[in-house]
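# Breakdown of the fold
The primary structure of each chain is shown beneath.
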Amino acid sequence: MLTMNRRRFLGTSAAAGAALVGGLGRLPTAEAASAASQLTPGVPSGIASYVTMGTLPGKKPLIQLSDRPPNYEAPLEYFRTAITPNNEFFVRYHLAGIPEDIKAETYRLKVGGEGANGPIELTLDDIKKLPAIEVTAVNQCSGNRRGLSTPHVAGVEWGYGAMGCARWKGARLKDILAKAGIKKETIEISFNGAEGPVVEKTPDFIKSLPTWKAMDENTIVAYEMNGAPLPYFNGFPARLIVPGWTGTYWMKHLVEVNALTKPQGGFWMKPAYRIPVGEFPVVARFLTQEDATSTPITEIVVNSLITSHRDGAKVKRGKVTVSGLAWDGGYGIRTVDVSTDGGKTWVSAKLGQDHGRFAFRPWSFELNAKHGKNTVMVNATNRIGQTQTAKLLFNGAGYHNNVMQSITLVA
Ligand SMILES: Nc1nc2c(c(=O)[nH]1)N[C@H]1C(S)=C(S)[C@@H](COP(=O)(O)O)O[C@H]1N2
Ligand SMILES: [Mo]
């Protein structure tokens, strides 16, 4: 953790946000509508009373679930493309002490730990001199859709929008680690970002990965997002990208990497970010952190979202194109199936452009809307045969909610 004397105070005013984006007019719904109307159906009703459309510098309006720390989710309208634009990308932090003056010129990445021969220090230019890798990958918060848990659980009550997909460019973490030299005894690699807690008692946000995942050729330290420098609140000037794994590992403003010969401790490894052993059909495991009952959340479970219509939307009778996105933990989407009879029969949706196995996969389906209510239910299957669940697999943190979505369209 760095000690910072200046802290960013984030603008909270919806009016300021409206002024900032005024005149763009491309997303009338998100800009004009109240934040409450942007909430995902099913999140705790109390949220509607305090939620606003917040505007962080450089961002279009996002649903502000909390301000300190900043937790802003994207409204449904921002998921109409497979690549999420930088100014529409969600923002999630655990700690409020975000330094306001992280500069590319003075940025340093320290690499060390008892498992390294180092320590070394790299500048942003040093990182940019390493072979550059590009990977398109979904960054999804472990708690995405937590607000839809029944019964409701504690935590940021995310709806559908704590996720985004971008084209990330950076250096392989394994090339950075090689600069320091990693000893055979290393079992985990840990990560720390530039920000710290505001209150001493709050534990610093430190995460680790098993060495095998840290060394994966797709795990990178990114300095570009969709061809531009990282937006400040998405980790400027450099962050970790862990394709296939949930957002908790994607450390922003990455300033410290340590090779560990013992498991990383601390609140954010345990009890936080854990799932019950055996509850979810995940392949990737983090064995050095696993105990008898709980294990760290790892890869994203297969999931899909209807993005063309909200639940209850009015449509014309006849041909209606229903479209959305599907994604998983990096096996790739095989099929997206749609049912208009409550799950009795299914037909395959048409898949759109393949941006790679870690990316959002667009899909679309032609509905023949009849007078009255039409239900549309979606289920994605990945290339290892995993599908979404019909019923919630409840867990106390509200993780891994991939219940098949069903919406009603009224013609
Ligand atoms: N430095 C730092 N990095 C962080 C976090 C954080 O609190 N601090 N939160 C993590 C979590 S839980 C998520 S879901 C993602 C969110 O990435 P985003 O804010 O770019 O959307 O960042 C991760 N990296
Ligand atoms: Mo997260």
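Residues numbered from 1 in each chain as written. Chains lettered and ligands numbered in written order. Predicted model: local features only at pLDDT ≥ 70, side-chain atom pairs only at ≥ 80, totals over all residues. Heavy atoms only, no water.

## Here's the deal with the pairing of strand β17 (residues 303–306)
Across the two faces of β17 the burial is the same, with Asn303 and Leu305 and Ser304 and Ile306 all buried. Looking at chain direction, β17 and strand β18 (residues 318–327) are connected through 4 bridges and run antiparallel. In the strand pairing of β18, Asn303 is matched with Trp327. (Buried < 20%, exposed > 50% of the residue type's maximum accessible area, 1.4 Å probe, protein only. Helix = DSSP H or I, 4+ residues; strand = E, 2+ residues; numbered from the N terminus. Pairing = 2+ DSSP bridges.)

## Overview of the sheet that holds strand β5 (residues 109–112)
Overall, mixed pairing links the 5 strands, which are arranged β6-β5-β14-β9-β10 in an open sheet. Only two strands of the sheet have a single neighbouring strand rather than two, namely β6 (120–122) and β10 (206–210). Between one strand axis and the next, the sheet turns through 20 degrees on average, direction left out of account. Two strands pair when backbone bridges link them, and β5 and β6 are joined in this way by 3 bridges, in the antiparallel orientation. Of the residues in β6, the one forming a bridge with Val111 is Ile120. Strand contacts of helix α5 (residues 173–180): β5, β6, β9 (188–193) and β14 (254–260), with the helix running at about 135 degrees to β6, the strand carrying the most contacts. (Axes fitted to C-alpha atoms, helices over the stretch in contact; angles between N-to-C directions. Contact = heavy atoms within 4.5 Å.)

## As for the packing of aromatic side chains
Each pair of aromatic rings is reported with the distance of its centres and the angle of its planes. Counted under the stated rule, the structure contains 14 aromatic pairs. Their ring planes at 70 degrees and their centres at 5.6 Å tell us that Tyr232 and Phe233 sit as a pair that is edge-to-face. Each member of the pair Tyr232 and Phe233 is classed as buried. Among the aromatic residues, ring-to-ring pairing joins Phe89, Phe90, Trp158, Trp168 and Trp250 into one connected group. Over the aromatic face of Tyr249 sits the side chain of Lys207, whose NZ or CZ is 4.9 Å from the ring centroid. Cation over ring: Lys252 sits above Tyr93, and NZ or CZ is 3.5 Å from the ring centre. (Phe/Tyr/Trp six-rings, centres within 6.5 Å; stacked < 30°, edge-to-face > 60°. Lys NZ or Arg CZ within 6 Å of the ring centre and 35° of its normal.)

## With respect to the domain arrangement of the chain
For the chain, the domain assignment lists domain 1 (3–92), domain 2 (103–296) and domain 3 (303–410). Taken together, the links from domain 1 to domain 3 amount to 1 salt bridge. With a closest N to O distance of 3.1 Å, Glu77 and Arg310 form a salt bridge. Looking at the side of domain 1 that touches domain 3, its residues break down into 6 nonpolar, 4 polar and 2 charged. (Domains from an automatic or database assignment. Salt bridge = Lys/Arg side-chain N within 4 Å of Asp/Glu carboxyl O. Nonpolar A, V, L, I, M, F, W, Y, C, P; charged D, E, K, R; others polar.)

## Let's talk about the sheet that holds strand β20 (residues 347–348)
Ordered by their spatial adjacency, 4 strands build an open sheet running β20-β19-β23-β24, and the pairing between neighbours is antiparallel. The open sheet has two free edges, formed respectively by β20 and β24 (406–410), since each of these has just one partner strand. As paired elements, strand β19 (residues 333–339) and strand β23 (residues 373–382) share 6 bridges and run antiparallel to each other. Each bridged residue has a counterpart across the sheet, and for Val338 the counterpart in β23 is Val378.

## Notes on the confidence of the model for the chain
Looking at the chain, pLDDT values average 92 and 92% of them are 70 or higher. Contacts from residues 1–28, a stretch scored under 50 in pLDDT, to residues over four places away or in other chains number 54 contacts. (pLDDT = per-residue confidence, 0-100.)

## Comments concerning α5
An α-helical turn contains 3.6 residues, so a residue and the one three or four places further along point in the same direction. Turning to α5, its buried residues number three or more, namely Leu173, Ile176, Leu177 and Ala180. One side of α5 carries all its buried residues, which in axial view fall inside an arc of 100 degrees. Gly181 occupies a position one or two residues after α5 and carries a positive phi of about 90 degrees. (Arc of directions from axis to C-beta.)

## As for unusual backbone geometry
Across residues other than glycine, the phi torsion is negative in most instances, and most of the peptide bonds are trans. Residues Gly118 and Pro119 are joined by a peptide bond in cis, for which omega reads 0 degrees. Residue placement: Pro119 occurs in the loop between β5 and β6. Look at the link from Lys270 to Pro271: it is a cis peptide, with omega at 15 degrees. Positive phi, normally seen in glycine, also occurs at His253, with a value near 45 degrees.

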